[in-house]
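Here's the letter readout for the chains.
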Amino acid sequence: MIGAHATALLPGVITTTPHARYLALHARLAVEAQHRGWTSKADLGRFHALVRRAEVVLGAVSVAHGDADDGHWLRAGSFGVHGVNTIRPELHRQQTIDVGRTADVYSRVRGGYLQTYSGIEAVLGLTDGARIPAPGPAADVERLAALDEALNVAERDKPLSVADLDALRHLCVCAVGDAPDGACVRGAYFAGSGGSGAVGAHRRSATLLVGALTEEHVDGESVDMAMDRWCCFRRGLSDLVGEDVHAHALVWRGALLRNWSVWAWRLIWARLVSPLSSTGTLEHAVAEFVRTLPNATVREVLIDGLPSVVDDIGTPLPVEHDLYDEVPDDGDWTVLGMLQLLAVGARRLEHLDPAARRAFADEASDDLGPGYVASWLTRNADRRLAEAVADLAKELFHRAESVSRQKMQWTRYGLRLPTRLRRVGDQWRLEGREGRGAVSLRLPTFTNVMQQLGVLGYDGTIWHPGRYAVEVTS
């Protein structure tokens, strides 16, 4: 459900596509493939070789410029360029970069990072997303010509020195905002013909994110928290952003609040199975999970004991943030805190307006969603908390086992169960570690792209609207 929200709210972004200039580079490569008549299967190898070499040039220029600083990180953002772990050591060791040799090793994928970006490039209309892509309707050939030099340099055999790379700093990922190819990508996101639905979503989300980050210092906290404060907990947001953007903000509100509940389940599961990193019984894991819970009823702790979740005019209050603030610096939530996070989500069902509620809970198929938690609280209200939670924990084990069986597959090596949790008799064993981080709504990636495109600015301390913010925000 969270992934579906992210796709609808930020259709031109996935977590692995943080660099605007790669979008432009791949569109320019699509123009080049069309110019050279590369369309057949036999041409695919030649095209992939050019992609890889061009990506290495872009990466090497950006690494060299980043090392020289010159305000690079204020414009490029916090994501390293693709292949940095191969490119930087080579450049530091040799003081040159052999494009051909590095292109052979910087990525294990035959087409480099084209495959990572191709779906997004198709959504934006920069390419058609094919194996050898053709330029899309948003690919402005004249503007993309700003990257001609990157392709020319990519096909040279002579290694590039640090001085050569310095002379090419206009090709750095941090320089895309004011470059013609940056204008092309900005148009694809916010004004192009990649799809009016996507363009509208990008403009409205950009408007909200610029508002959420302006005058904020988010070095030590996530962009998601700033967006929470803006879309979920700010009074008078409708008057501030207008009716159309406010309707979009309500969808964000539902998605952001739901993500807290999803995170709570991830935290609960990771904590529940952690004793099984050494083989043990279900009973032992459950007993350890409920060991620190207070001697009280579900009603006393998770119903009557909750604070109000809205203010006097119905605006949500930041209860989730308050719970988060109680977590120690090591990020180790208490079991009670996790359960309170779930209970707050269930309480929100009563108070969200329809648009936010639809995004918050798909009541038709909301497995383990806020509706499930609300029903569980009602059924178990007068039971002792530890007893009720122990039964819930056992149900989670049974659910995990059932889902694993539904997904099991026969392979050439035998039966494969897609799970880290193995059961042999009455013993269970966790192989590896379960993820306990929050699910990404792609906001950090979108922030990075907007920073590079000049829609957002950062001075090293606080955020502010970028030089092109007025052009792209609704």
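I will try to describe carefully the structure that is included in this document. Every chain's residues receive numbers from 1 upward, in the order its sequence appears when written. Local features in this predicted model are restricted to residues of pLDDT 70 or higher, and side-chain atom pairs are both shown and tallied only at a pLDDT of 80 or more, whereas totals for entire chains, interfaces and linings draw on every residue. Side-chain metrics in this entry use all non-hydrogen atoms of the structure; hydrogen atoms and water are not considered.

What follows covers empty space enclosed by the protein. Using protein atoms alone on a 1 Å grid, points that fit a 1.4 Å probe yet trap it form a cavity, whereas open point sets bounded by protein on both sides within 12 Å along at least five of seven lines form a pocket; residues with an atom within 4 Å of a point count as lining. Grid points are joined across faces, edges and corners, and a volume is the space filled by probe spheres set on the points. What the rule picks out here adds up to one cavity of 30 Å³ or more. Estimates place the volume of the largest cavity at around 60 Å³. Around the largest cavity, the lining residues are Trp265, Leu302, Leu339, Leu342, Ala343, Tyr372, Val373, Trp376, Leu377 and Leu392. Secondary structure follows DSSP: runs of H or I at least 4 residues long count as helices, runs of E at least 2 residues long count as strands, and numbering of each begins at the N terminus. Of all the elements, helix H21 (residues 370–379) adds the most residues to the lining of the largest cavity, at four residues. Polarity classes work like this: nonpolar for Ala, Val, Leu, Ile, Met, Phe, Trp, Tyr, Cys and Pro, charged for Asp, Glu, Lys and Arg, and polar for all others, with Gly in that last group. Partitioning the lining of the largest cavity into residue classes produces 10 nonpolar, no polar and no charged.

The next point concerns helix H1 (residues 2–9). Two residues of an α-helix separated by three or four positions point the same way, owing to the 3.6 residues in each turn. By the burial criterion, the buried members of H1 are Ile2, His5, Ala6 and Leu9. Looking down the long axis of H1, one finds its buried residues gathered within 100° of arc, a one-sided arrangement. Exposed and oriented more than 90 degrees from the buried face of H1 are Ala4 and Ala8. Accessible area is worked out with a 1.4 Å probe on protein chains only. A residue is then buried under 20% of its type maximum, exposed over 50%, and partly exposed in between. Working definition: the arc comes from the directions between the helix axis and the C-beta atoms, pointing outward to the latter.

This next bit is on the environment of Arg258. Position of Arg258 among the secondary structure elements: in helix H15 (residues 243–273). The class of Arg258 is buried, set by a relative accessible area of 6%. Measuring from C-alpha to C-alpha, the distance between Arg258 and Val424 comes to 35 Å, with 166 residues separating the pair along the chain.

Moving on, we come to the environment of Phe190. Here Phe190 shows up in helix H11 (residues 180–190). Remark: the alpha-carbon pair of Phe190 and Tyr22, spanning 168 residues in sequence, is separated by 17 Å. Contacts: residue pairs with any heavy atoms within 4.5 Å of one another. When near neighbours in sequence (up to four residues on either side) are disregarded, Phe190 contacts Val199, His202, Arg203, Ala206, Phe446, Met450, Val455 and Val472.

Moving on to the nonpolar core. One finds Tyr189, Leu208, Leu209, Met227 and Trp252 to be the most contacted residues of the largest nonpolar core, which totals 102 residues. The element that contributes the greatest number of residues to this core is helix H3 (residues 41–68), accounting for 12 residues. Apart from the residues within four sequence positions on either side, Leu209 is in contact with Val223, Met227, Leu443, Phe446, Thr447, Met450 and Leu456. Here the nonpolar core consists of buried residues drawn from Ala, Val, Leu, Ile, Met, Phe, Trp, Tyr and Cys, with membership extended through side-chain atoms lying within 4.5 Å. Judged by nonpolar contacts, the second largest core, of 51 residues, contains Trp265, Leu302, Val309 and Val310.

The term salt bridge refers to a side-chain nitrogen of Lys or Arg lying within 4 Å of a carboxyl oxygen of Asp or Glu. For the coordinates displayed, the defined rule picks out 25 salt bridges. A salt bridge links Glu32 to Arg28; its shortest N-O distance comes to 3.0 Å. Pair noted here: Glu32 and Arg28 are both in helix H2 (residues 20–36), with a separation of four residues, about one helical turn. You can call Glu32 buried: its relative accessible area is 11%. Close ionic contact of Arg383 with Glu387 constitutes a salt bridge, the shortest N to O distance being 3.0 Å. Residue classification places Arg383 among the partly exposed residues on the basis of a relative accessible area of 23%. Connected through shared salt-bridge partners, Arg28, Glu32, Arg36, Asp148 and Glu155 make up one network.

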